[in-house]
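Residues per chain are reported as follows:
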Amino acid sequence: MTSVVETTTTGPDPTPYYTVSELLAAVSCRYLQGKRRVFAGIGLPTLAVALAQKSTSPDIEQVYESGVCGAHPPKLPETIADASLATGAETILTMPVLFGYVLQGGWIDVGFLGAAQIDKFGSLNTSVIGPWDSPTVRLPGSGGAAEVMVNSREVFVVMRRHNKTSFVRELDFCTSPSPAAARRADPKVPTHGAGVTTVISELGVFKANAAGELCLASVHEGVTVDQVREQTGWPIKVMDGLTVTPPPTGEELRLLRDDIDPGRVYLR
Amino acid sequence: MTSVVETTTTGPDPTPYYTVSELLAAVSCRYLQGKRRVFAGIGLPTLAVALAQKSTSPDIEQVYESGVCGAHPPKLPETIADASLATGAETILTMPVLFGYVLQGGWIDVGFLGAAQIDKFGSLNTSVIGPWDSPTVRLPGSGGAAEVMVNSREVFVVMRRHNKTSFVRELDFCTSPSPAAARRADPKVPTHGAGVTTVISELGVFKANAAGELCLASVHEGVTVDQVREQTGWPIKVMDGLTVTPPPTGEELRLLRDDIDPGRVYLR
Amino acid sequence: MAEKLFSLKDAIGTFVSDDDVVALEGFTHLIPFAAGHEIIRQGVKGLTLVRMTPDIIADQLVAAGCVNRMVFAFTGNSSVGSLYAVRRAVEAGGAGELELEEYSHYGLLARYQAGAAGIPFMPVRSYAGSDLVKINPQLKKVASPFEEDVETYVVPALNPDVAIIHAQRADRQGNIQSWGILGPQQEVAFASKRTIVLVEEIVDDDVIRSDPNRTLIPGFVVDAVVECRYGAHPSFAQGYYDRDNDFYRSWSAISKDPDRLESWIQEWIHDAGDHRGYLSKLGDGFFDRLTPVPRLSTPVNYGSVL
Amino acid sequence: MAEKLFSLKDAIGTFVSDDDVVALEGFTHLIPFAAGHEIIRQGVKGLTLVRMTPDIIADQLVAAGCVNRMVFAFTGNSSVGSLYAVRRAVEAGGAGELELEEYSHYGLLARYQAGAAGIPFMPVRSYAGSDLVKINPQLKKVASPFEEDVETYVVPALNPDVAIIHAQRADRQGNIQSWGILGPQQEVAFASKRTIVLVEEIVDDDVIRSDPNRTLIPGFVVDAVVECRYGAHPSFAQGYYDRDNDFYRSWSAISKDPDRLESWIQEWIHDAGDHRGYLSKLGDGFFDRLTPVPRLSTPVNYGSVL
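In this report, the structure presented in the accompanying data block is examined. For clarity, every value in this text was computed on a predicted model and none was experimentally measured. (Residues numbered from 1 in each chain as written. Chains lettered and ligands numbered in written order. Predicted model: local features only at pLDDT ≥ 70, side-chain atom pairs only at ≥ 80, totals over all residues. Heavy atoms only, no water.)

## Quick look at empty space enclosed by the protein
Applicable threshold: Cavity: a set of points on a 1 Å grid over the protein atoms alone where a 1.4 Å probe fits but cannot get out. Pocket: an open set with protein on both sides within 12 Å along at least five of seven lines, its lining residues, like those of a cavity, having an atom within 4 Å of a point. Grid points are joined across faces, edges and corners, and a volume is the space filled by probe spheres set on the points. Secondary structure counts use DSSP, requiring at least four H or I residues in a row for a helix and at least two E residues in a row for a strand, with both numbered from the N terminus.
Inspection of every chain in the model, using the stated rule, returns four cavities of 30 Å³ or more. Taken together, 39 residues form the lining of the largest cavity, with T94(A), T94(B), V97(B), Q186(C) and Q186(D) sitting closest to its centre. Counting residues per element, the ones that place at least two in the lining of the largest cavity are α4 (95-104) of chain A, α4 (95-104) of chain B, α5 (105-117), α7 (185-191) and β11 (215-217) of chain C together with α5 (105-117), α7 (185-191) and β11 (215-217) of chain D. Per element, the largest residue contribution to the lining of the largest cavity is four residues, and it comes from α4(B).

## Quick word on helix α3 (residues 56-63) of chain D
Along an α-helix, a turn takes 3.6 residues, which lines up residues three or four apart on a common side. Residue and element names in this part refer to chain D. Applicable threshold: Per-residue accessibility, obtained with a 1.4 Å probe over protein chains only, is compared with the maximum for each type, and a residue is labelled buried under 20%, exposed over 50%, and partly exposed between these values.
Here α3 lies mainly inside the structure; seven of its eight residues are buried. Among all positions of α3, only I56, I57, A58, D59, Q60, L61 and V62 are buried. G65 occupies a position one or two residues after α3 and carries a positive phi of about 80°.

## A short note on the sheet that holds strand β5 (residues 121-124) of chain D
Residues and elements named next belong to chain D. Counted only if it meets this: For two strands to pair, DSSP has to find at least two bridges joining them. To obtain each axis, a line is fitted to C-alpha atoms, and for helices this fit is confined to the stretch in contact; angles are then taken between N-to-C directions over 0 to 180 degrees. Only heavy atoms enter the contact rule, under which two residues are in contact if any of them lie within 4.5 Å.
Taken together, three strands build an open sheet; the order of strands is β5-β7-β6 and the sheet is antiparallel. Lying at the two open borders of the sheet, with one neighbouring strand each, are β5 and β6 (140-143). With direction set aside, neighbouring strand axes in the sheet form an average angle of 45°. In the sheet, β5 pairs with strand β7 (residues 151-156) via four bridges, with the strands oriented antiparallel. Looking at β7, one finds that P123 is bridged to V154. Lying on the sheet, α5 is in contact with β5 and β7; it crosses β5 at an angle near 145°.

## Let's talk about the packing of aromatic side chains
Just so we agree on the cut-off: Only Phe, Tyr and Trp rings are paired, with Trp represented by its six-membered ring, and only when their centres lie within 6.5 Å; those with planes under 30 degrees apart are stacked, over 60 edge-to-face, the remainder tilted.
Applying the stated criterion to the full structure yields 42 aromatic pairs over all chains. Relative to F190(D), the ring of Y101(B) lies with its centre 5.5 Å away and its plane at 45°, an arrangement referred to as tilted. Of the two residues, Y101(B) sits in helix α4 while F190(D) sits in helix α7, which places them in two different chains. On the basis of relative accessibility, which here comes to 3%, the residue F190(D) falls in the buried class. Between F247(C) and W251(C), the ring centres sit 5.8 Å apart and the planes meet at 35°, which makes this aromatic pair tilted. With F247(C) and W251(C) both in helix α9 (residues 245-256) and four residues apart, the pair spans about one turn of that helix. The buried category is assigned to F247(C), whose relative accessible area is 12%. In this structure an aromatic cluster arises from ring pairing among F247(C), W251(C), W264(C), W268(C) and Y278(C).

## Looking at the interface of chain D and chain A
Convention followed: Every case where a carboxyl oxygen of Asp or Glu lies within 4 Å of a side-chain nitrogen of Lys or Arg is listed as a salt bridge. Any pair of N or O atoms that falls within 3.5 Å is considered a polar contact. Within protein, one atom must be able to donate a hydrogen and the other to accept it, and sequence-neighbouring residues count only if both atoms are side-chain atoms. Three residue categories are used. Nonpolar comprises Ala, Val, Leu, Ile, Met, Phe, Trp, Tyr, Cys and Pro, charged comprises Asp, Glu, Lys and Arg, and polar comprises the others, including Gly.
The interface is formed by 49 residues belonging to chain D together with 48 residues belonging to chain A. At the boundary of chain D with chain A, the tally comes to four salt bridges. In this structure, D186(A) and K141(D) form a salt bridge, with 2.5 Å as the shortest nitrogen-oxygen distance. The tally of links between chain D and chain A comes to 26 residue pairs in polar contact (both at pLDDT 80 or more). Put simply, the parts of the chain that give the side of chain D that touches chain A at least two residues each are α4 (84-90), β4 (99-102), α5, α6 (132-135), β7 and α9 (245-256) of chain D. Broken down by element, the residue count for the side of chain D that touches chain A peaks at five residues, all from α5(D). Within the side of chain D that touches chain A, the residues separate by chemical class into 22 nonpolar, 14 polar and 13 charged.

## Some thoughts on the pairing of strand β14 (residues 204-208) of chain A
All names here are of chain A. As paired elements, strand β13 (residues 196-201) and β14 share three bridges and run antiparallel to each other. The residue bridging I200 from the neighbouring strand is V205, located in β14. Hairpin remark: β13 followed by β14, antiparallel, with two residues in the connecting loop. Turn length for the β14-strand β15 (residues 214-219) hairpin, with the two strands adjacent in sequence and antiparallel, is five residues, and the turn residue G212 shows positive phi of about 90°.

## Looking at the interface of chain D and chain C
Frequently, the measure chosen for interface size is the accessible area that the parts lose on association. For clarity, the cut-off: A quick way to say it: buried area is the sum, across both parts, of accessible area lost when two parts are put together, with a 1.4 Å probe.
Contact residues are listed per partner, giving 52 residues for chain D and 52 residues for chain C. For the pair chain D and chain C, the summed buried surface comes to about 4700 Å²; carbon and sulfur atoms form 61% of the total. Counting every contact that joins chain D to chain C gives two salt bridges. For D211(C), the salt bridge goes to R214(D), with nearest N and O atoms at 2.9 Å. In this assembly, chain D and chain C are joined by 28 residue pairs in polar contact (both at pLDDT 80 or more). Going through the elements one at a time, β5, β6 and β7 of chain D are the ones with two or more residues in the side of chain D that touches chain C. Per-class residue counts for the side of chain D that touches chain C are 27 nonpolar, 15 polar and ten charged.

## So, the pattern of salt bridges
Under the criterion given, the structure shown has 66 salt bridges over all chains. A salt bridge links E90(B) to R209(D); the shortest N-O distance between them is 3.3 Å. Here R209(D) lies in helix α8 (residues 205-209) and E90(B) lies in the loop between α3 (83-86) and β6 (91-92), a pairing that spans two chains. The residues E90(B) and R209(D) share a single accessibility class, namely buried. Salt bridges sharing partners connect three or more residues here, namely E78(A), D244(D), D246(D), R249(D) and R289(D).

## Points about helix α8 (residues 250-260) of chain A
Stated formally: Here, the arc refers to the directions that run from the helix axis to the C-beta atoms.
Taken together, the buried positions of α8(A) are E252(A), L253(A), L255(A), L256(A) and I260(A). Down the axis of α8(A), the smallest arc covering the buried residues is 160°, so these residues share one side.

## Some thoughts on the sheet that holds strand β5 (residues 121-124) of chain C
Residues and elements named next belong to chain C. If you walk across this open sheet you meet the three strands as β5-β7-β6, and the pairing is antiparallel. At either end of the open sheet lies a strand with only one pairing partner, and these are β5 and β6 (140-143). Within the sheet, the average angular offset between the axes of one strand and its neighbour, ignoring direction, is 45°. Contacts from α5 reach β5 and β7 (151-156), with the element oriented near 145° to β5.

## Some points on the arrangement of the chains
The assembly contains five pairs of chains in contact; the pair sharing the most contacts is chains C and D. If you take every C-alpha in chain A and every C-alpha in chain B, the smallest gap between them is 11 Å, and the two do not touch.

## Focus: the relation of the copies chain D and chain C
For clarity, the cut-off: The superposition of copies rests on a least-squares fit of C-alpha positions from residues with pLDDT of 70 or more in both.
Under the fitted operation, chain D is carried onto chain C by 0.0 Å of movement along the axis and a turn of 180°, and the coordinates agree to an RMSD of 0.0 Å. Here the two chains are linked by the operation of a two-fold rotation axis. When C-alpha distances to the rotation axis are compared across chain D, the minimum falls at P299(D), with a value of 2.8 Å. The share of interface residues of chain D whose copies in chain C are also at the interface is 100%, consistent with both copies meeting through the same surface.

What follows is the structure, given as C-alpha cells:
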C-alpha cells in the first residue's frame, strides 16, 4: 500500500489528498461517536480520540495503560507514559488500580488494539511469527492487549497493513483470544465484553455480525470487494448494505494536520 | 483487681506506687527488646512502644492498622487513626497495602492484641459472650485481630483482667485462632507466625512452651502461683525458673508519667 | 457530561433506595456522618449496611430503623464505649431485628478488592481454625493449583448497590482527592454500582490537575458529588477539622437509653432539617477548638518539557 | 538502624548475585538504567530478568551476557523499534540462549501482587482461550467455590530475589517518594526479598514527612538507597528531566549490529567506569533540553490540633 491515496473530488466537499494515517484516524474517530471511555495506546488511536474530542464527542475520555485518566498534555505525547501525560492530568492511578479496578472492573467502553495477525473472529497475535519456542520473528507480546480484549465492552482494531499474512485463517499464536475462542477453550470461564466489533484497515472496515464473525462493512474509496477478498486469509462475508467509506472531510483533515499533530508525529 | 498495687520497697531502687496500666506498659516494653516492627492498637501497646523507643529500643517502629508507619505525632494519639498520627508521619499506606503487603507480607515482628477471652494455646475471642446468634454480650469482633494473629512473627496479648471468665478452658467463640488450632481445623492451610508467645496480665506473664501452650513464667509482686491458678480456667503449667516480675523502675515510671502520657489518657 | 453536583438531599434521594446494599466507608477518618443523617431523615428502610467498622453512624442508622442487616468486621465506639442500639438489636432478649454478617478487617476489605477488580474471589491468609467460618458461609477454601496439598481461604467479590464516602476535595467532574488516612474508600467506590461522595470543598480544576496522584477516585466512577463542609463531624477531615473526641465519649450515655437516643435523633437529625441546621445547632465557633495547626506538604514538580 | 545509604557499586555488589531472579521495574517512567549498567559492569551472570516491559535496558543486559531467562509481558522499544539483541537470542537461527516466560501485563503484575500479599495466587480475568496457557505452565485454572461451573485463571505469587527501582526522592531511612506514573514499583518492592532503590536525591526527613501519602515504599522494605542523579536516563524522572526520545530512536541502529552494540556497551558502560563517567560522556548541558517547565502541586494540609 502506498502512503498516499489519491482520490477524485466528489460532491460539494472537495476531498483533498490524505494519507493512510489520516484516513484511519478519521474513520476510527467516526466509530467512537457515542462512546465515553477509550483505552488506547499511542499513535493512531491517540489521533482518533483527539479528533473525536475536537469534533463529535467532546466528552470522550482516553484512559492510558500507565494509569493516566483525564490527560491534558501540554504537547502531543510520544509514549503511553510520557511526562507530558502526567502534567496537568486529572488522575494518575496505580497500576493495580488501573488494570484491576478500571480495566477488569469493566469501566472501558472501547479498547483500541493493533496486531500482527487477526483472525475472522477477532483473535489477535502479537507474540510471534512462527512457532513460539523458535520463532521467525519475535514480536513484543501481549502487553495489556489480553486484558483490553477481555475487559472492554468492545474492541476496535486498527490494521495499517491488510494482506494474507496479517488477516489470517489461523494465527501463528493466539495472544488475545476473541470471546468466542475463549468460550470454546474454557467454557466455564466467564467472558465479559463483545470482543472485536470493528476492524479498520487500509482497505476497508469490518464489523462483527451477531455470531462475532468479522464481515466487510465498508470499502475505502478506490478499493473493491474483490481486492479485499484477495488480501484476506479467510473467505470473507460481505455485510448487506456494504458502503464506500466516506473519505476524511476537509475539516477532519484540518483538525488532524493543524491542531492535533502539526509536527506529524503520528501522521506518517 | 484494684487499680493501684501497693508494693514494698525492695533493694536499692525504691519502688514507688504504680498502677496496673503502668505495670502492664513497663512489662510489655521489656518484652519488646530486640524487636523491630510492632503492630499495635491504641492504649497500653502505644505506651509500651513509646517507652521502648525512649529507653531500650530507640529504633522500634509502630505500624498502625490505619496505614501509618513511622508516626511522629505532635501529641499522644487517641485512636489508631488520629489526625495527629498523619501529621509528620513518614508513610501513610493504603489499606490494601497495609493489610495485604505489610501484614500478610510478613513484615510485622510483634502483633499486640487484647481479647475478652483467651485459651491455653492463645486463641482469642473478641466476638461474643454466649452463642453467636443470640449472644449475652455482643463484642466488637475481629477487626484486624485475625490478620494480626496469622501474620505476625509472634503475638503479645495484654489482659487487664485475669479471671476464669477471661482465661478460659474453652472460648465462647474463636475469633482469632492460634496456629495450633488453625492447623488442627485446616491442616492444608499454611500457618506462618508463632501465634501468641507472651501474655501479660494483671497477675503475671505467660510464655508459650515449645508446644505452644501458655505457661506461667512470672508472677507480679505480691501475687502467688496459686492465685494465678485459681483465676485461670485451665490447669496451668508453671515454667521452670518462674520469676517474680521486676516492678517498673523509677525511670520507667518517670518516662511514662512525665514524657509519654502526662495527660494520663491511657495511664488509667 | 452528566451533571455530577448534587445537593445532599437529592444525592441520597436519587441514588439510595429501600432495601439497597449500602456501603458507608471511612476508617475513623472521613466518616460520612452527614450522609447517614440524611438517610435517616428520608426514612430509607431495609438497608444492608456494609461497613468495616460500624460505629456511631451505624448505631444511629440502626436506632432509626433504617438497617436490617449489617456486614462488618469491628463494631464499637473505638475504645471509649459501646453501641447500645446495635447491641440491643443483636443481643439475646433484644428485638433481634438486626442480622449480622461478620468478617475480619482484611476479609471484608478483600471482598471490596475482588468486587472492584471483577474477579470472583480474593485469597486471604486468615480464617483457618476460626469460628467465623462456621457462622459465615462466604468464607470458603480452595486448593492451590501450584502446590500439593495447599489450601487457602477465599472471600467472594462484593458489589454494593451504593458506596457513600467523604473526602477533602473534588472538582466538578467528580475527581476525588483525599489525604491522610485513606481507608477502603477507593476500593468500595470502584466496587459499587453507584457512588456518592461528600467533600469539604469543590475546587477549581487547576487544583486537582496540579496533583493527579492525589486523585483517589476518578470522576467516571462517581455519580454524585456533594459539597458538604464539616460533613464528617464528629469524625474528621485531615487539615480541615479534627475529630470531636468529646462527642465520641458522650455517645455511650446517649445510646444506652433508648428514649434519650430517640430524642437525640429527633433533635439533631429530624428537627435540624438538614446539615446546615445541624451545623447551626453546633453553633458559631464550634469548630475553632478542632481547627488544625497547618502543616503543608512540600510541593512536587509535575512539569514536562513543552 | 542499619545504614541504608550505599554507593551504586556497593549496592549492586552487596545485593545482586549470579543466578538471582532480579526484577528491574519502571513503566516507561523511572527505569533504573544506571543500575542495569552497573550490573553489566560487575559482570553478573545467569540472571533471571523479571520486567513487565523489557526494553533497551533488557537489550543491553542480554547483549552483555548477564541474563539467561526473561520473565515479561511486552518486549520492545515502545513504538520506535526493535530490541535486536533480545531477538537474536530468541529467534530461530539465533544462539537461542535466552529462555522466555511470557505473560500479559496484568498477569505479571498480579504475580507481584500475590507475592507482596503472601497469598499463593491471584485470580485474573484473562487467559481463557489464549495460547499463552499452552506455553506458560504458571497460568492455571481454579473453580470458584461461590458459583456453580465457574472457573477463573490464577497466577502464582512471584517473589524475586532482588527488586531494583528508581524514584524521585528518599530520606536516609529509605522512605521512597515518587509521583507521576507509578508503575509496579510498590508491588515489586514488597514482593522481593531484597530491594535496591536509586533516587534522584536524598532529602531532609522533613520533606518526606510533610507528605506521607507520597511515600510509596516505607523504609523497612528497602535494603539500599542510592543517590543517583539522572540515573534513569534515557528514561525520565517526572519533574527532574524528560525522556531522551532521541536516544530511544537511535537504539535500533545500534542494537541491530552486534559489533556496534558491543562497542556501545564497552564505551558507555565499561569505559565510562561509573555513572559519573556516563554523565561526563553525555556532556555538560546535556540535560538542558530535557529540563521540564515547572508545574508544582498545590500543597495540602496535614495539620492537626496540638
